[in-house]
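Secondary and tertiary structure notes
Single-letter residue listing:
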Amino acid sequence: MRLLRLQLFDYRNFHRLDLDLPTGPALFIGANAQGKTNLLEAVYLLATMRGLRAETDAQLIRHDSLDNEMPAARVLAQVETLSGPLKVEVSVLARPGPHGPLATKIVRVN
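First, a word on scope: everything that follows refers to the structure included in this document. Numbers given to residues run from 1 along each chain, matching the order in which its sequence is written. Residues qualify for local features only when their pLDDT is at least 70, as the model is predicted, and side-chain atom pairs are given and counted only at 80 or more; totals for whole chains, interfaces and linings, by contrast, use all residues. Note that water and hydrogens are dropped before the side-chain values are worked out from all heavy atoms of the structure.

Counting from the N terminus, the helices are DSSP H or I runs at least four residues long and the strands are E runs at least two residues long. Of regular secondary structure, the protein possesses one helix and five strands. Ordered by position from the N terminus, the helices and strands of the protein form the series β-β-α-β-β-β. Based on C-alpha atoms, the radius of gyration is set beside the globule rule, defined as 2.2 Å times the residue count to the power 0.38. Computed over the C-alpha atoms, the radius of gyration of the protein is 14 Å, within 12% of the 13 Å expected from 2.2 N^0.38 for a compact globule of 110 residues. Its C-alpha atoms give the protein principal-axis dimensions of about 45 × 35 × 20 Å. Three labels apply to residues, based on accessible area from a 1.4 Å probe with only protein chains included: buried if under 20% of the type maximum, exposed if over 50%, partly exposed otherwise in between. Looking at the 110 residues of the protein, the share that counts as buried comes to 32%. It only takes one pair of heavy atoms within 4.5 Å for two residues to be counted as in contact. Across the protein, contacts joining residues at least 24 apart in sequence account for 44% of those joining residues at least 6 apart. Where accessible areas are quoted, they stem from the Shrake-Rupley method and a 1.4 Å probe; at the residue level, only the protein chains shown are allowed to cover. If you sum the accessible surface of the protein, you get close to 7200 Å²; carbon and sulfur atoms cover 55% of it. Of the charged side chains in the protein, 13 are positive and 11 negative, and the gap between their average positions amounts to 4 Å. In this count, Lys and Arg are taken as positive residues and Asp and Glu as negative ones, while His and the chain termini are left out. Note on charges: their place is set at NZ of Lys, CZ of Arg, CG of Asp or CD of Glu.

Following this line, the structure appears as structure tokens:
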């Protein structure tokens, strides 16, 4: 499987990101706290449907967007498999809870 494109919406520290990936290896360079690990975690989320470092799914939603009426994070990917192209999307929707936001995940394939 090869990841062709990654899109993030209000995911971790990314407001919006649309990243076309090269056919070969990709190298991400940047200062601390710029989102390099968050990119890898987004791919991990698509592969396993779990956050790598988050204690709750609500922590995947960009902190500044938690004040929105319907806070949500979305991770979308276009991949190439042996069977052909595939689109995968994971959405994390938050709602108020008694001890902080509670989250629900929605997964879509194609």
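Looking now at the pairing of strand 2 (residues 14-20). Whether two strands pair depends on DSSP finding at least two bridges between them. By the bridge criterion, six bridges tie strand 1 (residues 2-11) to strand 2 in an arrangement that is antiparallel. Note on strand 2: the bridge partner recorded for Arg-5 is Asp-20. With antiparallel pairing between neighbouring strands as the criterion, strand 1 and strand 2 make up a hairpin whose turn holds two residues, including Arg-12 at a positive phi of roughly 50°.

Any Lys or Arg side-chain nitrogen located within 4 Å of an Asp or Glu carboxyl oxygen qualifies as a salt bridge. Scanning the entire structure with this criterion turns up ten salt bridges. Note that Glu-89 and Arg-74 form a salt bridge whose closest N and O atoms lie 2.9 Å from each other. A residue pair is termed long-range when its members are at least 10 positions apart, and Glu-89 in strand 4 (residues 84-95) and Arg-74 in strand 3 (residues 72-81) qualify at 15 residues. On the basis of relative accessibility, which here comes to 12%, the residue Glu-89 falls in the buried class. A salt bridge links Glu-89 to Arg-108; its shortest N-O distance comes to 3.4 Å. Taken together, the positions of Glu-89 in strand 4 and Arg-108 in strand 5 (residues 102-109) put the pair 19 residues apart, joining distant regions of the chain. Via salt bridges that share partners, Asp-10, Arg-16, Arg-62 and Asp-64 belong to a single interconnected network.

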